[in-house]
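Chains, contacts and geometry: an overview
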Amino acid sequence: MVTPLEIAEISLRSIAISGTASIIAAVISIPLSLFLCLRDFKGKNLILEILNSMVSLPTVVIGLLLYYLLTRTGPLGFLDLMYTPIAMVIGQAILIIPLMTIFMERALDSRKDVVEVAISLGASNSQAAHRLFLDSLPGIISSVLVGFNRAIGELGVALMLGGNIKGFTRVMTTAIALEVSKGEFELGISLGFILVCISLLLTSAISRMARR
Amino acid sequence: MRKLFIGIVLAVLLASIALLYIISTEKRSLIVTTTTSLYATGLLDELKAKFESKNPGVMVKFIATGTGEALKRASQGGVDLVLVHAPSLEKEYAEKGVIEKNGSIFAYNYFILVGPSADPAGASGKSVIDAFKSIYSAGERGKVLFISRGDRSGTNVREMQIWRMAGLNPKNKSWYIESGSDMVTTLSIANEKQAYTLVDVGTWLFMKDKLGLRVIVDRGDELINIYSVYIVPSGNVRDASAFKEFILSKEGQETINSFKGGGLFFSAIWPVDNTKWLRETWEKWSKIKG
């Protein structure tokens, strides 16, 4: 039914979509988490709690909300993004931003003493923030990886916004769902195993790189 | 060694991102929402391949869901053509103007009532309506279970119509279980619980060897499963019309009839023009509430 070439193609597409989503999410989450870590203001804990609870939002609900935004009759319909990989990238990025921000904020917070030291040595606020960011880099990178793994393993957004179109928006998770609906349970498990292997390979390589 | 490993991983990452953005945009998209029962068999991929070889400028993209979701997605835009099998829902959406008024029937096959081989309801050999009545009364006596899709799919709509024709309402009965899942999952639940369920012949044929269930009733007008094609006027009408014409052409109809050696789907127009009685049957079902 599914050729090895197709599996390779679907795997690469999964990596590409979730990888791009992770990069976009990181670009937004890094400044956001720095802001949350360094500034003290009323309601900060509330924001962190809201972000935390947003992690529980079912992926299909995020998919549905974006569906109404992106569909041809919706406010962003003119962009004509529904049923494209770009819609999936946007959806997955939004899905993982809360998760990434929380993990990054924790990583930064554990190194916060660096800021005081830097300032006492005469660094400006932005220099201190830069120092904190560099010191927390391993934690930041592992936060990005957590986000990537969440994105590559999710089904709801990919199915709702991408539509599981063969050769275009079919990724690992939607392919697995399709095989299950065809009664090909064994193939579904094999594809799931491949997905975990891909994730393991990427995660270990990037975290090794980060440790150096 | 480690550098090589990291290098390979980075190369894969970059290559895959590049792949994502080198998607050919020269081709026009034709988005078709359809039902899993058609897609999962592989019939649509065969029709797509033949159509695309004749129309190289078009890329047909299938989104396989239940009939309810297929029509709902069409109503939200972004869809050009629908292939569905629930006359009453089709009528509803045609009246709303979401899909064209006069769709075309392009294929048909049958639903089958399946159940445990012991047939504790004694439904085997009866007419469809009587079989459903037997299941209802055996269910009330606590002897059998019935699994319903419960998802507004074409199969689910037909099942609800048959209950209505039998003058029964099984909803909220303890023996009536709504799976809320696709056909394969529903069949698996029926298998685990040794329960009755309604299934389309396509899914049944590829699943039956994995199940300890048997055919209870497979004859009767109530079991005719009609597939229709509709253009979505708000979509890419030009290519949608071309694909629709292809499905209804002699070549398209031949492909449907001979798919997997035949017997899975029957063509509506060629070699025998069945449109008249199919349309009459369709009209009948479109008036019964699901």
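All values derive from a computational prediction rather than experimental measurement. (Residues numbered from 1 in each chain as written. Chains lettered and ligands numbered in written order. Predicted model: local features only at pLDDT ≥ 70, side-chain atom pairs only at ≥ 80, totals over all residues. Heavy atoms only, no water.)

Moving on, we get to the interface of chain B and chain A. Taken together, the 38 residues of chain B in the interface contact 36 residues of chain A. For the pair chain B and chain A, the summed buried surface comes to about 3,400 Å²; carbon and sulfur atoms form 67% of the total. Linking chain B with chain A are 1 salt bridge. Among the ionic pairs, A:Lys166 bridges to B:Asp45, the shortest N-O distance being 3.7 Å. Counting across the interface, chain B meets chain A through 7 residue pairs in polar contact (both at pLDDT 80 or more). Where the side of chain B that touches chain A is concerned, the elements lending two or more residues are helix H1 (2–21), helix H2 (36–39), strand E2 (58–65), helix H4 (67–75), helix H8 (183–193) and helix H9 (201–207) of chain B. Element by element, the count of residues in the side of chain B that touches chain A is highest for H1(B), at 13 residues. When the residues that make up the side of chain B that touches chain A are grouped by side-chain class, the tally is 21 nonpolar, 8 polar and 9 charged. (Contact = heavy atoms within 4.5 Å. Buried area = accessible area lost by both parts, 1.4 Å probe. Salt bridge = Lys/Arg side-chain N within 4 Å of Asp/Glu carboxyl O. Polar contact = N/O pair within 3.5 Å; in protein donor to acceptor, adjacent residues only side chain to side chain. Helix = DSSP H or I, 4+ residues; strand = E, 2+ residues; numbered from the N terminus. Nonpolar A, V, L, I, M, F, W, Y, C, P; charged D, E, K, R; others polar.)

Residues and elements named next belong to chain B. Residue placement: Glu-159 occurs in helix H7 (residues 154–165). It turns out Glu-159 is buried and unbridged, and the closest side chain with the opposite charge, Lys-171, is 7.6 Å from it. A distance of 2.9 Å separates the side chain of Glu-159 from the side chain of Trp-163, its partner in a polar contact. Setting aside anything within four residues of it in sequence, one finds Glu-159 in contact with Phe-132, Phe-146, Ser-148, Arg-149, Tyr-176 and Leu-198. (Buried < 20%, exposed > 50% of the residue type's maximum accessible area, 1.4 Å probe, protein only. Lys, Arg positive; Asp, Glu negative; His and termini not counted.)

The predicted model of chain A has a mean per-residue pLDDT of 92, with 99% of residues at 70 or higher. Mean pLDDT in chain A bottoms out at helix H10 (residues 185–211) of chain A, which sits at 90, and peaks at helix H4 (residues 85–109) of chain A, which reaches 96. (pLDDT = per-residue confidence, 0-100.)

Right, let's talk about H4(A) for a bit. Note that an α-helix has 3.6 residues per turn; residues three or four places apart therefore point the same way. Taking 1.5 Å of rise per residue, the 25 residues of H4(A) would be expected to cover 36 Å, and the 35 Å separating its terminal C-alpha atoms lies within 8% of that figure. Helix geometry: H4(A) is bent most strongly at A:Ile96, by close to 35°, with proline A:Pro98 lying one to four residues after it. (Expected span 1.5 Å × (residues − 1). Bend = angle between axes of the 7 residues up to and from the residue.)

Attention shifts here to the environment of B:Leu71. All names here are of chain B. Inspection of the secondary structure assignment puts Leu-71 in helix H4. Leu-71 sits in the buried class, given a relative accessible area of 0%. Sequence-wise, Leu-71 and Val-232 are 161 residues apart; in three dimensions their C-alpha atoms are separated by 9.7 Å. Setting aside residues up to four positions removed in sequence, Leu-71 forms contacts with Val-82, Val-84, Leu-89, Glu-90, Tyr-93, Val-98 and Ile-99.

A few words now on unusual backbone geometry. Residues and elements named next belong to chain B. A cis amide bond links Trp-270 to the next residue, Pro-271, at an omega of 0°. If you check the backbone angles, Arg-152 has positive phi at about 60° while not being a glycine. In this structure, Asn-172 is a non-glycine residue whose phi angle is positive, near 70°. Overall, Asn-172 belongs to the exposed group, its relative accessible area being 79%.

Attention shifts here to the packing of aromatic side chains. All names here are of chain B. Counted according to the given criterion, the structure contains 21 aromatic pairs over all chains. Ring centres of Tyr-227 and Phe-265 lie 5.8 Å apart, and the angle between their planes is 70°; on these two criteria the pair is classed as edge-to-face. Linking Tyr-227 in strand E9 (residues 224–231) with Phe-265 in the loop between helix H11 (250–258) and strand E10 (266–267), this pair joins segments that are 38 residues apart in sequence. Like Phe-265, Tyr-227 is buried. (Phe/Tyr/Trp six-rings, centres within 6.5 Å; stacked < 30°, edge-to-face > 60°.)

On to the nonpolar core. A:Tyr83, A:Leu161, B:Leu71, B:Val79, B:Val82, B:Ile99 and B:Leu278 are the most contacted members of the largest nonpolar core, which totals 55 residues. For this core, the element with the most residues is H4(A), which contributes 7 residues. Here B:Val79 is in contact with A:Tyr83, B:Ile31, B:Thr33, B:Arg73, B:Ala74, B:Val232 and B:Gly235, once residues within four sequence places are set aside. Among the nonpolar cores identified, the runner-up in size contains 27 residues, and B:Leu44, B:Leu47, B:Phe51 and B:Phe259 belong to it. (Core = buried A, V, L, I, M, F, W, Y, C linked by side-chain atoms within 4.5 Å.)

Our focus in this paragraph is the packing of helix H9 (residues 172–181) of chain A against H10(A). All names here are of chain A. Their axes nearest at 8 Å, the elements H9 and H10 cross at an angle of 165°. In terms of orientation, H9 lies roughly antiparallel with respect to H10. Considering how the two elements wind past one another, H9 and H10 form a crossing that is left-handed. Taking contact as the criterion, the partners of Met-172, Thr-173, Ala-175, Ile-176, Glu-179 and Val-180 in H9 are, on H10, Phe-185, Leu-187, Gly-188, Leu-191, Gly-192, Ile-194 and Leu-195. Broken down by class, the residue content of the contact of H9 with H10 amounts to 9 nonpolar, 3 polar and 1 charged. (Axes fitted to C-alpha atoms, helices over the stretch in contact; angles between N-to-C directions. Parallel < 35°, antiparallel > 145°, perpendicular 65-115°, else oblique. Left-handed = near helix turned anticlockwise from the far one by under 90°.)

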